[in-house]
Amino acid sequence: MNPAFQNTCETFVELPVISNFSIDASAGKLCVNDIIKYKDGQMVSFLHPSFNNSERDALYKKLRNSNVVHEEMSVSLFGFGFRVRKKGYLTINMSLRQDITGVIPKDLFSLALYGTPDSTNVNSFNLKNTKASVNAYIDLSGGYSHRINDKWSVGGRLHLLLGLANAEADFSSLSINAEGKQWRVVGNGVIKTSVPGMSVKLDSSGKIEGFNFPSQFKDYITSYQVSMGAAIDMGAVYKPLKCLNISFSIKDAGFMVWQNVNRANGIIDYTFNGINLKVKEDINYGDSILKVLRESYRLDNGNKKYVTAMNAKMYVGVEYSFLKDMMSVGLLSKTALDACKLSEELTLSYNLRPCRWFSMSASYSFISGGFSTLGLGLNLRLSPINFYVVTDYMPLYYSNEGIPYRSQRLNVQAGILLTFGCARHKTEPMFTPSF
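Residues numbered from 1 in each chain as written. Predicted model: local features only at pLDDT ≥ 70, side-chain atom pairs only at ≥ 80, totals over all residues. Heavy atoms only, no water.

## A look at the pattern of salt bridges
Now for step 1: Summed over all chains, the structure comprises 11 salt bridges.
Now for step 2: For K192, the salt bridge is made with E168, and the minimal N-O distance between the two is 3.9 Å. Here K192, found in strand 10 (residues 183-194), pairs with E168, found in strand 9 (residues 152-178); they are 24 residues apart in sequence, far enough to count as distant.
Now for step 3: The salt bridge involving E319 is made with R353; its shortest N-O contact spans 3.3 Å. With E319 in strand 18 (residues 313-322) and R353 in strand 20 (residues 341-355), the pair connects residues that are 34 residues apart, well separated along the chain.
Now for step 4: Residue E319 is classed as buried on the basis of its relative accessible area, which comes to 10%. (Salt bridge = Lys/Arg side-chain N within 4 Å of Asp/Glu carboxyl O. Helix = DSSP H or I, 4+ residues; strand = E, 2+ residues; numbered from the N terminus. Buried < 20%, exposed > 50% of the residue type's maximum accessible area, 1.4 Å probe, protein only.)

## Structural notes on empty space enclosed by the protein
Now for step 1: Counted according to the given criterion, the structure contains 3 cavities of 30 Å³ or more.
Now for step 2: Within this model, the second largest cavity holds a volume of roughly 40 Å³.
Now for step 3: Where the lining of the second largest cavity is concerned, the elements lending two or more residues are strand 19 (327-338) and strand 20.
Now for step 4: Among the elements that take part in the lining of the second largest cavity, strand 20 stands out by supplying 3 residues, more than any other.
Now for step 5: A per-class count over the lining of the second largest cavity returns 1 nonpolar, 1 polar and 4 charged. (1 Å grid on protein atoms, 1.4 Å probe; cavity = no way out; pocket = protein on both sides within 12 Å on 5 of 7 lines; lining within 4 Å. Points joined across faces, edges and corners; volume = space filled by probe spheres on them. Nonpolar A, V, L, I, M, F, W, Y, C, P; charged D, E, K, R; others polar.)

## Some thoughts on the packing of aromatic side chains
Now for step 1: According to the stated counting rule, one finds 9 aromatic pairs in the structure shown.
Now for step 2: Between F12 and Y89, the aromatic rings sit 6.3 Å apart at their centres with planes inclined by 5 degrees, giving stacked as the arrangement. Here F12 is found in strand 1 (residues 11-14), whereas its partner Y89 is found in strand 6 (residues 88-105), with 77 residues between them in sequence. Y89 shares its class with F12; the two are buried.
Now for step 3: Aromatic side chains W357 and F358 sit 6.0 Å apart centroid to centroid with 55 degrees between the ring planes, which places their arrangement in the tilted category.
Now for step 4: Exposure remark for W357: the relative accessible area of 47% places this residue in the partly exposed category.
Now for step 5: Site record: aromatic cluster; members linked through ring pairs are Y364, F366 and F371.
Now for step 6: Of note, K106 hangs over the ring of Y60, and the distance from its end group to the ring centre comes to 4.5 Å.
Now for step 7: Over the ring of Y397 we find R406; its NZ or CZ atom is 4.3 Å from the centre of that ring. (Phe/Tyr/Trp six-rings, centres within 6.5 Å; stacked < 30°, edge-to-face > 60°. Lys NZ or Arg CZ within 6 Å of the ring centre and 35° of its normal.)

## Quick look at the confidence of the model for the protein chain
Now for step 1: Per-residue pLDDT for the protein chain has a mean of 86; in total, 90% of the residues score no lower than 70.
Now for step 2: Low confidence marks residues 275-285, where pLDDT is under 50. Its contacts with residues over four positions away, or in another chain, come to 4 contacts.
Now for step 3: Counting contacts from residues 425-435, a segment whose pLDDT is below 50, to residues more than four positions away or on other chains yields 44 contacts. (pLDDT = per-residue confidence, 0-100. Contact = heavy atoms within 4.5 Å.)

## Quick look at the state of the cysteines
Now for step 1: Counting across every chain of the model gives 1 disulfide.
Now for step 2: No disulfide involves C355; its nearest neighbouring cysteine sulfur is the one of C422, lying 13 Å away. (Disulfide = S-S within 2.5 Å.)

## Observations regarding the side chain of S407
Now for step 1: Among the secondary structure elements, S407 is positioned in the loop between strand 23 (385-395) and strand 24 (409-420).
Now for step 2: Not counting the four nearest positions on each side in its chain, S407 is found in contact with L30, C31, V32, S372, T373 and P395.

## Describing the pairing of strand 18
Now for step 1: Of the two faces of strand 18, only the one carrying K313, Y315, G317, E319 and S321 is buried; M314, V316, V318, Y320 and F322 on the other face are not.
Now for step 2: With 8 bridges connecting them, strand 14 (residues 244-258) and strand 18 associate as antiparallel partners. Counterpart to I250 in the pairing with strand 18 is M314.
Now for step 3: Of the pairings in the sheet, the one linking strand 18 to strand 19 comprises 10 bridges and is antiparallel in character. Bridged to V316 within strand 19 is S333.
Now for step 4: The antiparallel hairpin formed by strand 18 and strand 19 contains 4 residues in its connecting segment, where L323 sits at a positive phi of about 55 degrees. (Pairing = 2+ DSSP bridges.)

## Overview of the pairing of strand 14
Now for step 1: Direction of pairing for strand 13 (residues 227-241) relative to strand 14: antiparallel, over a ladder of 11 bridges. Pairing of L241 across the sheet is with L244, part of strand 14.
Now for step 2: Here strand 14 runs beside strand 17 (residues 306-309); their pairing, made up of 4 bridges, is antiparallel. Paired with M256 across the bridge in strand 17 is T308.

## Quick word on the nonpolar core
Now for step 1: In terms of nonpolar packing, the biggest core is built from 15 residues, with F125, L174, I176, I268 and Y297 touching the most fellow members.
Now for step 2: Elements with a minimum of two residues in this core: strand 9 and strand 15 (261-272).
Now for step 3: The element that contributes the greatest number of residues to this core is strand 9, accounting for 4 residues. (Core = buried A, V, L, I, M, F, W, Y, C linked by side-chain atoms within 4.5 Å.)

## Focus on a nonpolar patch on the surface
Now for step 1: On the surface, a nonpolar cluster with roughly 690 Å² of combined accessible area is contributed by F78, F80, F82, V84, L140, Y144, L160, V226 and M228.
Now for step 2: Counting only elements with at least two residues in the nonpolar patch, the list comes to strand 5 (66-84) and strand 8 (131-147).
Now for step 3: Looking at where F82 falls in the secondary structure, it is placed in strand 5. (Patch = residues over 30% accessible without salt bridge, like charges linked within 9 Å, V, L, I, M, F, W, Y side chains within 5 Å. Areas by Shrake-Rupley, 256 points an atom, 1.4 Å probe, with all protein chains shown as cover.)

Put into structure tokens, the structure is as follows:
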């Protein structure tokens with residue numbers, strides 16, 4: 001979270017996969033209970049007839065004009081760090097990272113919740129904010145932290161990014177004009193993919209029929225062209241008092257240049273003239289709409305690469321320690337950029353570190369907590385093994401099926417690594433909270 005923080009151990013070693021696994025998923029202001037409810041002994045979605053008008057209205061009021069759904073995952077492949085003289089610390093890490101982002105416009109929910117209430121005029125729904133992206137890449141990074149004096153520490157980390165696969169869909173315009181007899185879908189969109197070994201099937205008129213993906217790993221490798229990017233982390237820690245830490249950092253500010261590009265431009269203008277339910281009961285209308293969209297796109301091989309931005313984050317934190325540094329309280333502000341949309345979080349934490357081999361934290365996140373989650377962290381260090389597990393949003397309420405129905409966000413980070421030379425430094429806390 002902050003490259004200025006220094007590990008209290010002289011050396012640490014990350015083991016493949018098991019040393020750091022993290023996953024984070026969020027659905028904006030929505031929680032599971034907004035879209036799925038337990039009624040009459042079964043779980044039903046907001047599209048079920050048993051959803052009453054007040055429940056639909058409550059869901060609609062919680063929505064933003066653009067609703068971001070985001071998930072990201074990271075797995076460490078290897079890493080190590082060591083102290084450089086007395087004031088510096090160098091770290092090297094390689095990890096596999098993946099993220100998925102979707103943007104759902106409010107008008108799409110309006111169509112699903114209320115249908116077309118105006119039976120005499122055209123019901124118009126603006127869906128141009130609809131977006132989706134998927135990224136997978138390898139992150140090779142090196143960082144250095146330096147303690148300038150007893151009050152200031154600074155640090156930075158450079159990331160070399162190797163892209164594995166990417167897919168994006170975006171619309172400059174998209175709308176549905178619906179009336180009693182017909183629905184008209186109009187829009188302009190772009191789909192970009194960078195998936196080695198993938199090919200596009202076209203018919204005689206140039207329309208997209210489908211996609212072929214590599215069936216074997218060697219097909220992926222032989223067709224791979226290097227997609228590269230770069231990112232930077234910067235941070236600082238200020239100690240105006242021995243018991244007070246103030247920290248600031250920017251993480252994952254960078255970009256990726258994707259090769260192996262397939263690009264399709266779409267001009268969509270299609271009219272549905274009603275549906276005759278008696279013709280064929282088992283017809284899949286979802287596939288029919290997908291076919292219309294697919295046939296509206298034309299392959300464009302003019303652009304051989306494109307650039308995407310990383311999901312940058314900014315952290316500002318304050319920590320006050322007491323009882324000879326055995327306890328502390330902290331407040332952390334997090335600002336994240338997902339699909340060009342800013343999201344905020346404010347987390348309060350209490351940290352306990354009574355001895356060298358054990359520490360724990362408890363926290364509450366005000367914006368996404370919803371009085372239904374609690375953050376917990378545990379760190380056990382039985383030299384040379386160091387085990388940790390931490391979550392900011394541990395659900396407190398579950399349905400009979402075990403679904404955390406009141407949670408807006410879920411995350412967890414855990415790992416086992418090796419640490420050596422962990423004598424406690426007087427100027428540093430034994431455990432820096434992850435919240």
